[in-house]
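This is what each chain is made of:
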Amino acid sequence: MLAPVRRMLDRWLFQLKARETGEVLLVMRRVFILPTKPGMSFVSLLLIMLIGSVNYNLGLGFVLTFFTGSCAIVDMYLTAKNMAFLRLVPGRAQPVFAGDEAQFELLVHNDTPRDRYALWLGFQDEGEPRQSIDVASRSSAAVVLSRPTTERGWLAAPRVRLFTRFPLGLFGAWSYWQPDLKVLAYPQPEVAPPPLPTTGAAREDGYGTVGLDNFSGIRNYQPGDPMRHLAWRQIARLHPADGGNLVSKHFEGGAVSDLLLDLKALPPLLDLELRLSRLTAWVLEAERRALPYALHVGHREIAQGLGEAHCAECLRALALYGKEGA
Amino acid sequence: MKERLASMANRLTRDKADTLLLLLAAVMVLAPHFGHLPLWTSAMVCLTLAWRGAITLRGSRLPPIWLLLPVSMLAMGGVYLTFRTLLGREAGVTMLALLLTFKLLEMHARRDLFVVIFLSFFLLLTNFFYSQSILTALVMIATIIVLLSAQITFQLTGAVPPLAARLKLAGRIFLIAAPLGVLLFVGFPRIQGPLWGLPGDAAGGKSGMSDSMSPGSMTSLALSEEVAFRVQFKGAAPPQQQLYWRGPVLSNYDGRAWTRIGRPLYPVAQLRLARQLAWQGASYPYEVTLEPGRRQFLFMLELSEPGASIDSADGAYTDELEQLVRASSDKRLRYTSVAHPNYVAQPGLEPQALERWLQLPQGYNPRTLRYAAQIQALRAERGDDAAIAAVLDMFRKGFEYTLEPGRLGRDEIDEFLFDTRKGFCEHYSGSFVYIMRAAGLPARVVNGYQGGELNPVDGYYTVRQSDAHAWSEVWLGPERGWTRIDPTAAVAPERIRTSLAQTLPQPAPFGLQGLADLARDQTSWLAQMRFGISAMNNAWNQWILDYNPNRQQDFLRELAAAFGDWRLLAGLALCAGLVLLTKYRRTGRAQDPVDTAYRAFCRQLARHGVDKAPDEGPLSLAQRVRQLNLPREKIAAMTGFLELYGALKYGAPAAQNDNPVARLNSLLKQSR
């Protein structure tokens, strides 16, 4: 009985949409307002005051009752104005690993000459909004809402509810916003993965390649050296202004071979998610050890490489394997 | 000092500052009540507030509930012991004040803040039981603004604007609310109270004219400058010496005091009575606003048509031509009537009905009775008028008008007439009636007020307690009926022109004659100021305190007469407001002409089936436009428009020598 009414309200009154591209201006049509619980109590108080004024024939009592009542009505207007004509812009959304908190950044711009106070933001399905911001006139404020991820793939931002009770708290104005914002959740890395599947066969040009196993000294930094090879202790001794230089630790020896991470190569008996988790863990491990690696996931074949962009590409391919919008 | 305060304010954390603001609001609400709360309650409230302030400043914990509960129970017991009840007005207000104070010590959640603020609003209302002056109203406004500021403060979450800004916002809310408040005050349908019986202590003791006259009963009134009532004449006013405001009629005399006979009350003026009244000549419609008092008499200008129309009360009338209200009340009363100074009252009374105005107590005032016998002889010889003239003539010779006549003995009329020969209106009217009765003429004493001061500012006459007066009425046969005789006028004619107290020589304030003259001179600046304040108070009473259902109807009717239907007027005002609002909103968000043109262009494109995606720019739009199946020059105009728009919007701010907006609009027209 209630569900169809609710759906009709959502569609016709609240005009909820699945997706709102770009920025959104909160016109008055999008701002809804109802008395809060204290507001309802205030109405009863006004009623009692009115009855008292009538009964005791208090002329000034009527003045007090009507003026405070009018103040409540003005509060309704100001509360709606505290929300209306804000410009909402989706911010950045960094990828996370499944199981971590996805962080959605939302920007609230105030192009009007009035300061806005005590705006609460939260996801609609979470009930009471938990974060509050103030937006001074002609400025903007950012708020980050987080939500735990449970599985890999895209996680679209849930519908956001904005809420304010300012200035008097007798009325609550709210508005809905479906930000066009999604976070990519990489598969959760396996906790204790097996060792990297190195083939063991040395490459023909593998001679003299920089190894990784044995520390053999330091040398001047060259662009492309991994960050974790920087010799911080040595760098810290001298300030760059005093002739200090970036130096890298130098390793040599160890097996240098083709590292191919292939989904097909993993036992098919394993659960798909577990296999993806293992590949994720391996990608991270290879990246940590600066071993160039290639990745084959289904039809997606990513050539050998190393570095942040390569890593991100691989993780993305893993996250979206078998999902829509891959 | 100022620096110290500022540094203190910096040291206060937000919570503390917020609580102190709420405390300030509570103090503003409670302070006016200290005047009428029991002393121990005031002390308790002050102590508790100080304690709360100390807790806030020190940042210590609020007292636990096991401490608060017994203390508040004790306080409740104290209220019961003081008033012997927990109900009723005084006890209720005391309880509320204590409740608010203790609630301040028990604030844990946001809900408690609202409870405190709402309690404060209610307590603010209860203060009007005791005072409804203009000053009270100003204090009320200030208190509302501080209360609203506290309420605003507790809504803030992050940034906190300075206190001055919050007070300003609260003031702004109040100012925006004011016109609506006035509209509600004027137009909200009023119901006449009381809705239920008022508690017994609702009526306070007020001075006023009593319904008996014994030696000295007038003296207390004579020196009181308190306003008894105010009068507004609808047309011209009668001359000052005709302003006799008839109150209780006293026909019983027991040798000491004059009292009323308990006359039957008639619901409204009955026809039988009305037939016995006749008038001619000028008539004066008027409206009286009677200040609250403990008596139920209405003072009517002699002689008014029976059955005054009284706001919000039932009137009653007696056959001694008194006008009463059925329930004595503690509120201001407004009534209207029409007076006819030239009247004949009840000429057709039967002789046996007149008996009761001839009765005298046995064994009093033998000398007066002997004198009355002479008057009776004179009356038999030369008629009633001559007899009356003879008595008045006696008063005129050798009698003195004074408010300090000295004590009189058992035969007080004898002593007054033949020994002291000093007195004021109650002595003159009383002894006159006594002589008349002894001489065989039906007579009675009428109490009321005489005169009134015209306030040139608002045209109202103010009648004060010091205008209290007593005169006599004599029944002069079947042609003339009851006729007013004022023996005081014979002794002190100026009394009838001015007020009772002013007739007496007054000591000059601080021994300076100039000050006395200043106070008495109607044209001095002091008098002007007094008139101004009086007019302001009167307007306050008429329009704020006594704005009742009748008044509301009258006012709305007057509005309707002046402006046509007030509903239409209200509708028009509403429409005008809406138009202003939309206009304000439009100007509030000034439109960029370039954007306006672009929006119009997008609407045109939509008609050709090209819907702009939200993230689409002018260049990609231009590409889609080129694929449209339209005349070439139209497409050229469209792409030209988009290029120009792109250049204006995103290009470098080039120095255009022609008007780019005009060019944009002309392109827009071509692409239509």
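**A short note on the nonpolar core**
1) Next: Counting residues in each nonpolar core, the largest one holds 109 residues, and the members touching the most others are Leu121(A), Val283(A), Leu318(A) and Leu148(B).
2) Next: The greatest single-element share of this core, amounting to eleven residues, is contributed by helix α3 (residues 59–83) of chain A.
3) Next: With 77 residues, the next largest nonpolar core counts Val249(B), Tyr286(B), Tyr343(B) and Trp357(B) among its residues.

**Let's talk about the interface of chain A and chain B**
Often, the extent of an interface is quoted as the loss of accessible area upon association of its parts.
1) Next: Contacts between chain A and chain B engage 40 residues on the former and 43 residues on the latter.
2) Next: Contributing elements (two or more residues each) for the side of chain A that touches chain B: α2 (37–56), α3, β6 (116–123) and β7 (131–135) of chain A.
3) Next: Among the elements that take part in the side of chain A that touches chain B, α3(A) stands out by supplying 16 residues, more than any other.
4) Next: Looking at the side of chain A that touches chain B, its residues break down into 24 nonpolar, 13 polar and three charged.

**Considerations on the packing of helix α24 (residues 593–607) of chain B against helix α27 (residues 660–670) of chain B**
Residues and elements named next belong to chain B.
1) Next: Where α24 meets α27, the axes come as close as 10 Å, and the angle between the chain directions of the two elements is 10 degrees. Here α24 lies roughly parallel to α27, going by the angle between them. Between α24, through Pro-593, Val-594, Ala-597, Ala-600 and Phe-601, and α27, the contact on the second element is made entirely by Val-661, Leu-664, Asn-665 and Leu-668.
2) Next: Partitioned by chemical class, the residues of the contact of α24 with α27 number eight nonpolar, one polar and no charged.

**What about helix α5 (residues 89–104) of chain B?**
All names here are of chain B.
1) Next: With 16 residues, α5 should cover 22 Å at 1.5 Å per step; its first-to-last C-alpha distance of 23 Å lies within 8% of that length.
2) Next: For α5, every residue scored as buried is listed here: Ala-91, Val-93, Thr-94, Ala-97, Leu-98, Leu-100, Thr-101 and Leu-104.
3) Next: Turning to α5, the residues buried within the fold contact α2 (14–30), α3 (39–58), α4 (65–83) and α6 (110–126).

**Some thoughts on unusual backbone geometry**
1) Next: Each neighbour pair has its own omega, and for Phe166(A) with Pro167(A) the value is 5 degrees, a cis peptide bond.
2) Next: The phi dihedral of Arg84(B) falls on the positive side, at around 65 degrees, and the residue is not glycine.
3) Next: Although it is not a glycine, Leu321(B) adopts a positive phi angle of roughly 65 degrees.

**Topic: the sheet that holds β7(A)**
Residue and element names in this part refer to chain A.
1) Next: Read across the sheet, five strands follow the order β2-β11-β10-β6-β7 without closing on themselves; strand pairing throughout is antiparallel. The two strands at the open ends of the sheet, each matched to only one other strand, are β2 (32–35) and β7. Within the sheet, the average angular offset between the axes of one strand and its neighbour, ignoring direction, is 30 degrees.
2) Next: Sheet analysis places β6 next to β7, joined by four bridges and oriented antiparallel. Note that in β7 the partner of Arg-116 across the bridge is Val-135.
3) Next: Lying over the sheet, α3 contacts β2, β6, β10 (160–164) and β11 (171–177), oriented at roughly 25 degrees with respect to β11.

**Some words on the sheet that holds strand β10 (residues 309–310) of chain B**
All names here are of chain B.
1) Next: Read across the sheet, six strands follow the order β10-β13-β7-β2-β19-β18 without closing on themselves; strand pairing throughout is antiparallel. If you trace the sheet from one side to the other, it starts and ends with β10 and β18 (453–454), each paired once.
2) Next: Relative to strand β13 (residues 333–339), β10 runs antiparallel, the two sharing two bridges. Paired with Ile-310 across the bridge in β13 is Tyr-335.

**A look at the packing of helix α12 (residues 366–382) of chain B against helix α13 (residues 384–396) of chain B**
Residues and elements named next belong to chain B.
1) Next: The contact between α12 and α13 brings their axes to 7 Å, and the two run at 145 degrees. Here α12 runs over α13; the crossing is right-handed. On α13, the residues touching Ile-375, Leu-378, Arg-379 and Arg-382 of α12 are Asp-384, Ala-386, Ala-387, Ala-390 and Val-391.

**Quick notes on the confidence of the model for chain B**
Residue and element names in this part refer to chain B.
1) Next: Taken over all residues, the pLDDT of chain B has a mean of 81, while the share at 70 or more is 84%.
2) Next: Of all helices and strands in chain B, the one with the weakest mean pLDDT is helix α1 (residues 2–11) (49), whereas helix α7 (residues 134–155) scores best (94).
3) Next: A low-confidence stretch, residues 1–7 (pLDDT under 50), is modelled with zero contacts involving residues beyond four sequence positions or located in other chains.
4) Next: Counting contacts from residues 200–206, a segment whose pLDDT is below 50, to residues more than four positions away or on other chains yields 13 contacts.
5) Next: Reported for the predicted complex are a pTM of 0.69 and an ipTM of 0.79.

Each value, and the rule that gives it
Residues numbered from 1 in each chain as written. Chains lettered and ligands numbered in written order. Predicted model: local features only at pLDDT ≥ 70, side-chain atom pairs only at ≥ 80, totals over all residues. Core = buried A, V, L, I, M, F, W, Y, C linked by C-beta atoms within 7 Å. Buried ≥ 20, exposed ≤ 12 C-beta atoms within 10 Å, placed from the backbone. Helix = DSSP H or I, 4+ residues; strand = E, 2+ residues; numbered from the N terminus. Contact = placed C-beta atoms within 7 Å. Nonpolar A, V, L, I, M, F, W, Y, C, P; charged D, E, K, R; others polar. Axes fitted to C-alpha atoms, helices over the stretch in contact; angles between N-to-C directions. Parallel < 35°, antiparallel > 145°, perpendicular 65-115°, else oblique. Expected span 1.5 Å × (residues − 1). Pairing = 2+ DSSP bridges. Left-handed = near helix turned anticlockwise from the far one by under 90°. pLDDT = per-residue confidence, 0-100.

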